[in-house]
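# Results of the structural survey
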Amino acid sequence: MRVLIVEDEKRLALSLARGLTAEGFAVDVVHDGRDGLHRATEGSYDLIVLDIMLPGVNGYRVCSALRAAGDETPILMLTAKDGEYDEAEGLDTGADDYLTKPFSYVVLLARVRALLRRRTRGGAAVLRVGGLTVDPAARRVTLDGREVALTAKEFAVLEYLAVRAGEVVSKAEVLEHVWDFAYEGDVNIVEVYVSALRRKLGSAAIATVRGAGYRLVRNGA
């Protein structure tokens, strides 16, 4: 899953990005409201962590503009302010949740997961491909009823393939969704994770379509 962090406190933004990346999220970070609005509009994100007090355009206006454009991506607002009117304004502009600084990273992660669970209930929820089950909210994978232990990045790759089950997915598409915007490494890193998934799920689970990409196979066929 992809997360956009729009936060002008660079140390905080870096800390949040590192924590969420360790949880398996692909994280992009910007430090200005205008950049945040542009990135949110141009990219495809599962959640936005949005500070209110931003240079350029404040978080209220960013949130309002996204909602006016029909963007329903969950938004968790952050602010150093403390007061019920600030919270009310944030929610009135379309934010889904609100967290006042200073906050615990554990609490932020719990809020992020809660927002993603809320979104999947109205959308994809649990993904099933033959005997394979991928639960994005619980971050749990089972194969024929047996739980399969995956690393955070393995889960992220499998989740994207499961969302696109039956379709051919290119390496570039996997990179765009699972790795962050600034990734400039070898595109073949995708092969490493696909190989790891095949070892855990069976070699026939993910088919290679020569010159095109990969396809998560239904019912192992």
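Residues numbered from 1 in each chain as written. Predicted model: local features only at pLDDT ≥ 70, side-chain atom pairs only at ≥ 80, totals over all residues. Heavy atoms only, no water.

Within the protein chain, the regular secondary structure consists of eight helices and 11 strands. The buried share of the protein chain, taken over its 221 residues, is 46%. Residue pairs at least 24 apart in sequence account for 55% of intrachain contacts in the protein chain once pairs closer than 6 positions are excluded. Entry remark: accessible area of the protein chain is about 11000 Å², with carbon and sulfur atoms responsible for 49%. (Helix = DSSP H or I, 4+ residues; strand = E, 2+ residues; numbered from the N terminus. Buried < 20%, exposed > 50% of the residue type's maximum accessible area, 1.4 Å probe, protein only. Contact = heavy atoms within 4.5 Å. Areas by Shrake-Rupley, 256 points an atom, 1.4 Å probe, with all protein chains shown as cover.)

Let's shift gears to the side chain of Asp 71. In this structure, Asp 71 sits in the loop between helix 3 (59–68) and strand 4 (75–79). Notably, Asp 71 is buried but unbridged: the nearest opposite-charge side chain belongs to Arg 67, and the N-O separation is 4.4 Å. Polar side-chain contacts of Asp 71 include one of 2.6 Å to the side chain of Thr 73. Among residues more than four places away in sequence, those in contact with Asp 71 are Ala 40 and Leu 66. (Lys, Arg positive; Asp, Glu negative; His and termini not counted. Salt bridge = Lys/Arg side-chain N within 4 Å of Asp/Glu carboxyl O. Polar contact = N/O pair within 3.5 Å; in protein donor to acceptor, adjacent residues only side chain to side chain.)

Glancing now at helix 3. Turning to helix 3, its buried residues are Gly 59, Tyr 60, Val 62, Cys 63 and Leu 66. Projected onto a plane normal to the axis of helix 3, the buried residues spread over an arc of 165 degrees and lie on a single side. Turned more than 90 degrees from where helix 3 packs its buried face, Arg 61 and Ala 68 sit exposed. Two to three positions downstream of the cap, the backbone nitrogen of Tyr 60 sits 3.0 Å from a side-chain oxygen, assigning the N-cap of helix 3 to Asn 58. Within two residues after helix 3, Gly 70 carries a phi angle of roughly 85 degrees, on the positive side. (Arc of directions from axis to C-beta.)

A few words now on the pairing of strand 1 (residues 2–6). The buried fraction of strand 1 is high, at five of five residues. Alignment of strand 1 against strand 2 (residues 26–30), held across five bridges, turns out to be parallel. Note that in strand 2 the partner of Ile 5 across the bridge is Val 29. Since strand 1 and strand 2 lie parallel, the crossover through helix 1 (residues 10–22) that links them has a hand, and here it is right-handed. Bridging between strand 1 and strand 3 (residues 47–51) involves four bridges; their strand directions are parallel. Pairing of Val 6 across the sheet is with Leu 50, part of strand 3. (Pairing = 2+ DSSP bridges. Right-handed = clockwise from strand over helix to strand, strands pointing away.)

Contact geometry for helix 2 (residues 33–42) and helix 3: axes closest at 9 Å, N-to-C directions at 25 degrees. Classified by the angle their axes make, helix 2 and helix 3 are roughly parallel. In the packing of helix 2 onto helix 3, the handedness of the crossing is right-handed. Side by side, helix 2 and helix 3 meet where Gly 33, Leu 37, Ala 40 and Thr 41 of the first sit next to Val 62, Ala 65 and Leu 66 of the second. Taken together, the residues that form the contact of helix 2 with helix 3 break down as five nonpolar, two polar and no charged. (Axes fitted to C-alpha atoms, helices over the stretch in contact; angles between N-to-C directions. Parallel < 35°, antiparallel > 145°, perpendicular 65-115°, else oblique. Left-handed = near helix turned anticlockwise from the far one by under 90°. Nonpolar A, V, L, I, M, F, W, Y, C, P; charged D, E, K, R; others polar.)

Here we come to the pattern of salt bridges. Under the counting rule described, the total for this entry stands at 12 salt bridges. For Lys 101, the salt bridge goes to Glu 7, with nearest N and O atoms at 3.0 Å. Placement of Lys 101 in the loop between strand 5 (97–100) and helix 5 (105–121) and of Glu 7 in the loop between strand 1 and helix 1 is noted, with a sequence separation of 94 residues between them. Each member of the pair, Lys 101 as well as Glu 7, carries the same accessibility label: buried. Here Asp 97 and Arg 111 are joined by a salt bridge, their closest N and O atoms 3.2 Å apart. Here Arg 111 lies in helix 5 and Asp 97 lies in strand 5, a separation of 14 residues in the sequence. The structure contains a network of salt bridges with shared partners spanning Glu 7, Glu 9, Asp 51 and Lys 101.

Let's shift gears to the sheet that holds strand 7 (residues 132–135). Note: strands within a sheet are paired through backbone hydrogen bonds, in either parallel or antiparallel orientation. What the four strands build is an open sheet, ordered 6-7-8-9; its pairing is antiparallel. Two strands in the sheet have a free side with no partner beyond their single neighbour: strand 6 (127–129) and strand 9 (146–147). As judged from the three bridges shared by strand 6 and strand 7, these two strands associate in the antiparallel manner. In the strand pairing of strand 7, Val 129 is matched with Leu 132. Those strands touched by helix 6 (residues 152–163) are strand 6, strand 7 and strand 8 (140–143), and its axis lies near 110 degrees from that of strand 7.

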